[in-house]
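Structural characterization, general
The chain contents come next:
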Amino acid sequence: MAQIDPKKFTPLKPQWFHIMLSLAGGEQHGYGIMQEVLNRTTGKVRLWPATLYGSIKRLIEAELIEESDERPAPEEDDARRRYYRLTTLGKRVLDAECDRLQELVRAIRVKQSMVTE
Amino acid sequence: MNDNKTGFALRVYRWLAEAFPHEFKLAYGTELTQVGEDVVEDIARRHGTAGLVRLIADIAARVPIEYLSEMQRDMRYSFRALLKSPGFALVSIISIGLAIGLAMTVYAGDLQLVFRDLPAATNVKQLVMPEQPVSYYYAEQYREQKNLFAGVAAFQSDVPFNIVLPGGANAKPERVFGQLVSPDYFAVLGVQAERGRVLSPALDRPGDAPTIVISDAFWRNRLDSSPDAVGQSIRLNGQTATIVGITPRGFAGAAAIQNEAEVFVPTTVRAALAPELANDVLHQRNAKSFLAIMRMAPGVDIESAEAGLDTVTHRLDEQDTAAPVRADKGGRVSLMPAGTMEPVPRDLRRAAIAFFAALMGLIVALACTNLSNMLLARAANRRKELAIRLSVGASRFRLVRQMMSEGILLSLLGGVAGFVLAYWFSVLASHLSPPTGGSAGPDMTLDWHAGVFSFTLAIVCGIGLSLLPALRATKADLTPALKEGSALQLPGHRRLGLRNGLMVIQVAGSLMLLLTTGFLVIGIDKASRVQTKFDPQSMYLLSIDPPRDGYTPEKTQAFFERLPERLKIVGGVQRVAFTAQAPFAVGGGTVQMSAQDSRVQTPVLVETVGAGYFAALSEPMLSGREFGAADERSKADAANSLPVILNESAARKFFADGNALGKHLQDGKHSYEVVGVVRDLSAGLTRARAMSYLPLTEHDFAQPPAGGVTIMVRAEPGSDALTGIQREISAMGPNLTIFNAQTLGEYIARSRSELRFAVRTYGGVGLFGLVLAAIGLAGVTAYAVAQRRKEIGIRTAIGASKAQVLRLVLREGTFLIGIGTVLGFLGAIALAKAAAAMADVLVDAFRLGTNDPRLLVGAPLLLATVAMVACYLPARRAVQIDPLKALREE
């Protein structure tokens, strides 16, 4: 697994990035991912259900996320739902993507300061 | 209200969620539906109707995406599966490729070439022409029928011209083919000039200085695309004519598939420029030397145009008091669509399409059956894998799709192979030189039509060949399939019904193909075989056409009278004779003749030959004499009857006892006296093999046919007399164009090259069927042996001999081959009969071919032998089965 270069996956598609970012905090089910993205972006980004599951399917095929067999505490557990989490590769890809975006943001800041001065 | 909307959106959502591929639904279906239910209220609240629409649009767009990605995966999977069995893949691709390649060759080469729309013409569907030639006078009368036709033009095709290009004052004339057209010809076709103008009745009037229009090919090839070609003068048959326009690219005249027209000369020029116009032919109502082409008036269809034209023709015929009253009650005119490269009579067109479609359908179906069979055998090996996948929840539809994608992938690759093959065929075909005279016909082109055709064919094949095996394989009863022991089941015939059926179809189809193509090959071969009594390389053929080089009739006559004496001086020359067509020509003109006191009209081929023709060919007369110098001077009029020589077939046809000498024949215009009978010289692929030979007369010398007058010179074998002959002719007539100089051997080889190509193609098709059948049978037998390994093992263990085992395996194959052979034999006879009934051209080929015992006995025997060998090789493996191993396999 270590041989795969995470850069191969970047830049990530926006919906992939949002899903993976939501899973950074731990396992989550589809509906949860959707709500998390909605809250995080204050309602600006909505992952529509079919797109969400289509992306999840492809993320699993790409081995960036996987189905989690660990369930949350029984009182929070929703037995009908499947939970997903990042794989090791997924984590490295997310890291690489975040680095890439930070670079971008840094570059943007420099440019912005040049314009405002 | 809002609740209503949400409820409706949710219903649509659920319905769409059900439409996802099975495997997607298994994994995410429940959650997808549930999330939808969870968020629908929220979405309606936040985004209103637009949000609901977006929700539905999202899921609706996703369904096809999922299917596509599944297909993509299937293709990848199939590709890997095929890589694992390269032998199977290769054989399949080659057989499908051959079938598609052959079908494409026929499509692009024969059908499309003939049925392609006339280039540059407008509204080609409105163009029609009578099948029979008409006189110019009749065409002018037809033009008056404004209710039927928007325009009527008359023209002559394949008219030769000897031309001298501008600036080449002293150059030798070249011979090009053109059309003699009425000035409204281009208007009727709707062809505009690319440069300059086309001919028109207003600008090209009788008595004006001669004007011509040239084709784009002429402009490019002979005038080097000169920008000031329009307005230049060229010499045509020794007269000066001005180029007024150039036609669009690709236009080579209507009905000009034999010889592309390079120049278009109006009928308003004088006869000195176009000898075809001599004798005031434009005003003679019986000179049927023109073709008419009509543009139907809006709203008129071909049937009503034909009916209307028939009435007019009847009336015109009745007005003509000079012509004999004809009693025929039937139609006198039949129209055919003329908006294609080669106008083909409607019934022939249907027959040709049907025949080729049947032949090609047979080939493609065979290849598909074959592959079906092999896929079936493959699927049987994968029975267990499929059963497992079914039992863990794969949908049958999904498995069928996956198996079909393998078939489609194979046939698509086969399509590519076929395209390459067809391209190769087209290159091969273009290397074959055309028969004598005129320019090469248009090359067959593989354009995007052909590409679409092969792609469609490949997809159809792919679906066709894989659907049955896929459905069958996935119908497997799970429980026995999962248990290894199932192979012990005796293979009942009912259970293998489909496979056996395919095998019978395969044998029958292959035999049909083999026999049908065999009929054609043998028929064509027999019909075109030429037997000369001397070395055909020792006879030289040269053609000249003095009137077109500016010779007056008197000068021409004198030239031909002196020529034999002059040529006999040349070293090695033994005999000299003239003829209007090269000996052993394929096809030729037919006339209806009848014996003097008989009303029975018989079609006979006519050849016009000069004095000493048969002597030059070393053909002794069976009775009577051959033409002499006196016959060349005979004139046909009411008082005199022309001498005629018949071949044996004609003599027997007209006079039951075959004793024709001194008897009289007539053809409506003239009366003929039989002066000699000669043996049947091969005449090529024609139905009427009765032939009559008429003498070459002054009239023919003054107006030679399209091929000019051919000079036949027999020289001593081994002597190269050709240079001397050419020098002698040039000395006599320095500005004469000598064309088509070749030996008789070369001429025969060249004029038969198309036939030989056809023979090879059909032969190849037949062999292809044979190979396919062998592959299919071998595959099926091998599969059967593999299936019955265990049974055979047990039989061997309890003492069955090798011969017994072999018999057991071969028995089934033999039975199927037997049934297939009988069916195929009957099918081939039926196909040949049907084809012969539909098209005259095929009658002779089939008549000669179907009589050949070698083929009738040989082909089924050959097929059966190949089939038995194909069964035997894998069956031998059954004998080698080690009973211990086979039994232990469980």
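Rules of the game
Numbering of residues begins from 1 in every chain and follows the order in which that chain's sequence is written. The order in which chains are written sets their letters, starting at A; the order in which ligands are written sets their numbers, starting at 1. In keeping with the model being predicted, local features are shown solely for residues with a pLDDT of at least 70 and side-chain atom pairs are shown and tallied solely at 80 or more, while totals for entire chains, interfaces and linings include all residues. Secondary structure is summarised from DSSP: a helix means a run of H or I of at least four residues, a strand means a run of E of at least two, and numbering begins at the N terminus for each. Remark: C-beta atoms are placed from the backbone, and a residue is labelled buried if 20 or more other C-beta atoms sit within 10 Å of its own, exposed if 12 or fewer do, or partly exposed between those counts. Contact between two residues is assigned when their C-beta atoms, built from the backbone, lie within 7 Å. For two strands to count as paired, DSSP must find a minimum of two bridges between them. Here the nonpolar group is Ala, Val, Leu, Ile, Met, Phe, Trp, Tyr, Cys and Pro; Asp, Glu, Lys and Arg are the charged ones; every other residue, Gly included, is treated as polar. Only buried Ala, Val, Leu, Ile, Met, Phe, Trp, Tyr and Cys residues enter a nonpolar core, and they are joined through C-beta atoms within 7 Å. Lines fitted to the C-alpha atoms define the axes, with helices restricted to the stretch that makes contact. Angles between their N-to-C directions range from 0 to 180 degrees. Each angle is binned into one of four classes, with values under 35 degrees roughly parallel, values over 145 roughly antiparallel, values of 65 to 115 roughly perpendicular, and all other values oblique. Per-residue confidence from the predictor is reported as pLDDT, a score between 0 and 100. Two helices cross in a left-handed way if the nearer one is turned anticlockwise from the farther one by less than a right angle. They cross in a right-handed way if the turn is clockwise.

1. Focus on the overall build of chain B
- Helices and strands together make up the secondary structure of chain B, namely 26 helices and 21 strands.
- Split into buried and exposed, the 890 residues of chain B put 42% on the buried side.
- In chain B, of all internal contacts separated by at least 6 residues, the share reaching a separation of at least 24 is 83%.

2. Remarks on the pairing of strand β12 (residues 573-579) of chain B
Residue and element names in this part refer to chain B.
- Among the seven residues that make up β12, five are buried, leaving the element largely enclosed by the rest of the structure.
- Strand direction decides the pairing type here: β12 and strand β20 (residues 709-715), joined by six bridges, are antiparallel. When the sheet's bridge partners are listed, alanine 577 is paired in β20 with methionine 712.

3. Focus on the interface of chain A and chain B
- Taken together, the contacts link 13 residues of chain A with 17 residues of chain B.
- Only α2 (30-40) and α3 (49-61) of chain A provide two or more residues apiece to the side of chain A that touches chain B.
- Per-element tally for the side of chain A that touches chain B: the top contributor is α3(A), with six residues.
- Its residues placed into classes, the side of chain A that touches chain B shows six nonpolar, three polar and four charged.

4. Observations regarding the nonpolar core
All names here are of chain B.
- Among the nonpolar cores identified, the biggest contains 90 residues, and Ala103 and Ile363 are the most heavily contacted of them.
- Among the elements that make up this core, the one with the highest residue count is helix α13 (residues 497-528) (16 residues).
- Sequence-distant contacts of isoleucine 363, that is, excluding residues within four places in its chain, are made with Ala99, Leu102, Ala103, Leu513 and Val765.
- Core analysis: the second largest hydrophobic core is formed by 71 residues, Ala121, Val128, Leu180 and Trp219 among them.

5. Observations regarding the sheet that holds strand β2 (residues 65-68) of chain A
All names here are of chain A.
- Pairing is antiparallel across the open sheet formed by three strands, whose spatial order is β1-β3-β2. Only two strands of the sheet have a single neighbouring strand rather than two, namely β1 (28-29) and β2.
- Sheet analysis places β2 next to strand β3 (residues 83-86), joined by four bridges and oriented antiparallel. Looking across to β3, one finds that serine 68 is bridged to tyrosine 83.

6. Side note on the packing of helix α1 (residues 14-23) of chain A against α2(A)
All names here are of chain A.
- Contact geometry for α1 and α2: axes closest at 9 Å, N-to-C directions at 100°. Between α1 and α2, the angle is such that the two are roughly perpendicular. Residues His18, Ile19 and Ser22 of α1 form the contact with α2, whose participating residues are Ile33, Glu36 and Val37.
- Residues that form the contact of α1 with α2 fall into these classes: three nonpolar, two polar and one charged.

7. Some words on the confidence of the model for chain B
Residue and element names in this part refer to chain B.
- When pLDDT is averaged along chain B, the result is 79; 85% of the residues meet or exceed 70.
- When pLDDT is averaged over each helix and strand of chain B, the minimum, 58, is found for helix α12 (residues 478-482) and the maximum, 93, for strand β8 (residues 263-266).
- For residues 323-329, every residue scores under 50 in pLDDT, and the model assigns this stretch four contacts once sequence neighbours within four places are set aside.
- A low-confidence stretch, residues 684-688 (pLDDT under 50), is modelled with 21 contacts involving residues beyond four sequence positions or located in other chains.
- Our summary of model confidence lists the complex with pTM equal to 0.61 and ipTM equal to 0.85.

8. Looking at the environment of B:Arg383
- In this fold, B:Arg383 is placed in helix α9 (residues 383-391).
- For B:Arg383 and B:Thr474, which are 91 residues apart along the polypeptide, the C-alpha to C-alpha distance reads 8.1 Å.

9. Quick look at unusual backbone geometry
- Following A:Thr10, the chain continues into A:Pro11 via a peptide bond in cis, with omega recorded as -5°.
- Even without being a glycine, B:Asn237 presents a positive backbone phi close to 50°.
- Secondary-structure assignment places B:Asn237 in the loop between β6 (233-236) and β7 (239-246).
- Even without being glycine, B:Ser618 reaches a positive phi, approximately 60°.
- For B:Ser618, a count of 12 C-beta atoms within 10 Å puts it in the exposed group.

10. Notes on the environment of B:Leu273
All names here are of chain B.
- By the element assignment, leucine 273 lies in the loop between β8 and β9 (291-296).
- Classification of leucine 273 by C-beta neighbours within 10 Å gives buried; the count is 22.
- When the C-alpha atoms of leucine 273 and phenylalanine 161 are compared, they prove to be 8.8 Å apart, with 112 residues separating the residues in sequence.
- Not counting chain neighbours up to four residues away, the residues in contact with leucine 273 comprise Pro210, Leu236, Asn237, Gln239, Ala241 and Val265.

11. A few points about the packing of helix α4 (residues 136-143) of chain B against helix α7 (residues 302-319) of chain B
Residue and element names in this part refer to chain B.
- Relative orientation of the contacting elements α4 and α7 amounts to 130°, with a least axis distance of 11 Å. As far as their axial angle goes, α7 and α4 are oblique. For the pair α4 and α7, the sense of crossing is right-handed. Counted together, Tyr138, Gln141 and Tyr142 of α4 and Leu309, Val312 and Leu316 of α7 form the full contact between these two elements.
- In terms of residue class, the contact of α4 with α7 is made up of five nonpolar, one polar and no charged.

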